[in-house]
Amino acid sequence: MFRSSTVKKKDEDPAHALNAALRLLTRREYSILELYTKLSQKYTKEAVKDALKKCIDNSWQSEKRYMEMLFNHLKNQCYGPRKVVMEASKKGVKSEYYQQYLDETDWIEIALTFLNKKIPNDLELTFENKQKYLASLARRGFSTSDCLEAMERYESDRFLSNRSEEHTSELQSPMYL
């Protein structure tokens, strides 16, 4: 009635673990923790450690490259510094690898890019709408001060662009031609 369950034994060969690590690394960059977790499912602890050591020694795996890839991905998706820190910590990346990126990035500009993408041009910015978009920025990992500064810049840019459109349309009216 019951089937006898056979527990698969983990492979002890470090060469097999190394081949599996290289297969994974050819597709994308992995943090050491991610790679360790994936390899540990099929290989013994010793085999995984040997494979990871060889990958690191030969620069096939690099925490710096991984962090660069992760940072660019999150920045292009308009996420803030808190999200970057959270994702890097979750992936086991030490702060020494991402601190430089955090310091050199203009987070207000990224938040402003998000607002420009998200807010329709014809939307009236009421208090409720502003709160909604500020909350959206906060959920994406921006600090309160960055959110408020980005919203102020968005409003001033929008005001200036509306003013220039009005001025251009006045100059093109039949009265001026």
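Above: the structure in question.
Please read all numbers here as calculations on a predicted model, not as lab measurements.

Asks: What's the story with the pattern of salt bridges in this structure? I'm lost.
Replies: Close approach of charged atoms lets side chains of opposite charge pair. This structure, assessed with the given rule, holds 9 salt bridges. A salt bridge links Lys-9 to Glu-12; its shortest N-O distance comes to 3.8 Å. Take Lys-9 and Glu-12: they sit in the same class, and that class is exposed. Connected through salt bridges with shared partners, the residues Arg-28, Glu-34 and Lys-91 form a single ionic network.

Asks: So what exactly am I meant to see when it comes to unusual backbone geometry here?
Replies: It is generally the case that most residues other than glycine have a negative phi and that most peptide bonds are trans. Residue Ser-59 is not a glycine yet carries a positive backbone phi of 60°. We note that Cys-78 has phi near 65°; this positive angle belongs to a residue other than glycine. Topologically, Cys-78 is positioned in the loop between helix H4 (63–76) and helix H5 (81–90).

Asks: Help me understand the nonpolar core, please; the structure alone is not making it clear to me.
Replies: If you look at soluble globular proteins, the nonpolar side chains tend to sit buried side by side. Counting 29 residues, the largest nonpolar core has Met-67, Val-84, Trp-107, Leu-115, Leu-137, Phe-142 and Tyr-154 as the members making the most contacts within it. Those elements giving two or more residues to this core turn out to be H4, H5, helix H6 (95–104), helix H7 (107–118), helix H8 (127–139) and helix H9 (144–171). At 7 residues, H7 tops the list of elements feeding residues into this core. When neighbours within four sequence positions are excluded, Leu-115 is seen to be in contact with Tyr-133, Leu-137, Ala-150, Met-151 and Tyr-154. Within the second largest apolar cluster, 15 residues are counted, among which are Leu-18, Leu-35, Leu-39 and Tyr-43.

Asks: Would you explain the packing of helix H1 (residues 14–27) against helix H2 (residues 32–40) in this entry?
Replies: Any two packed helices are characterised by the angle at which their axes cross and by the distance between the axes. Contact geometry of H1 with H2 gives a least axis separation of 10 Å together with a crossing angle of 130°. As the angle between them shows, H1 and H2 are arranged oblique. The handedness of the crossing between H1 and H2 comes out as right-handed. Each of Ala-17, Ala-20, Ala-21, Leu-24 and Leu-25 in H1 lies in contact with H2, whose residues at this interface are Leu-35, Lys-38 and Leu-39. Along the lines of polarity and charge, the residues of the contact of H1 with H2 split into 7 nonpolar, no polar and 1 charged.

Parameters at a glance
Each residue is numbered by its place in its chain's sequence as written, counting from 1. This being a predicted model, a pLDDT of at least 70 is required before a residue's local features are given, and a value of 80 or more before pairs of side-chain atoms are given or counted; all residues contribute to the totals for chains, interfaces and linings. Note that the side-chain values use all heavy atoms of the structure and ignore hydrogens as well as water. What counts as a salt bridge is simple: a side-chain nitrogen of Lys or Arg found within 4 Å of a carboxyl oxygen of Asp or Glu. A 1.4 Å probe rolled over the protein chains alone gives each residue an accessible area, and that area as a share of the maximum for its type sets the label: buried under 20%, exposed over 50%, partly exposed in between. Only runs of H or I of at least four residues qualify as helices and only runs of E of at least two qualify as strands under DSSP, and these elements are numbered from the N terminus. Throughout this description, the term nonpolar core refers to a set of buried Ala, Val, Leu, Ile, Met, Phe, Trp, Tyr and Cys residues connected via side-chain atoms within 4.5 Å. Every residue pair with non-hydrogen atoms within 4.5 Å of one another is taken to be in contact. Helix axes use the C-alpha atoms of the stretch in contact, all axes being lines fitted to C-alpha atoms, and the angles between their N-to-C directions lie in the range 0 to 180 degrees. Just so you know how the angles are binned, under 35 degrees is roughly parallel, over 145 roughly antiparallel, 65 to 115 roughly perpendicular, and the rest oblique. The handedness criterion is simple: a crossing whose near helix is rotated anticlockwise from the far helix by less than a right angle is left-handed, and one whose near helix is rotated clockwise is right-handed. Charged residues are taken to be Asp, Glu, Lys and Arg, nonpolar residues to be Ala, Val, Leu, Ile, Met, Phe, Trp, Tyr, Cys and Pro, and polar residues to be all remaining types, Gly included.

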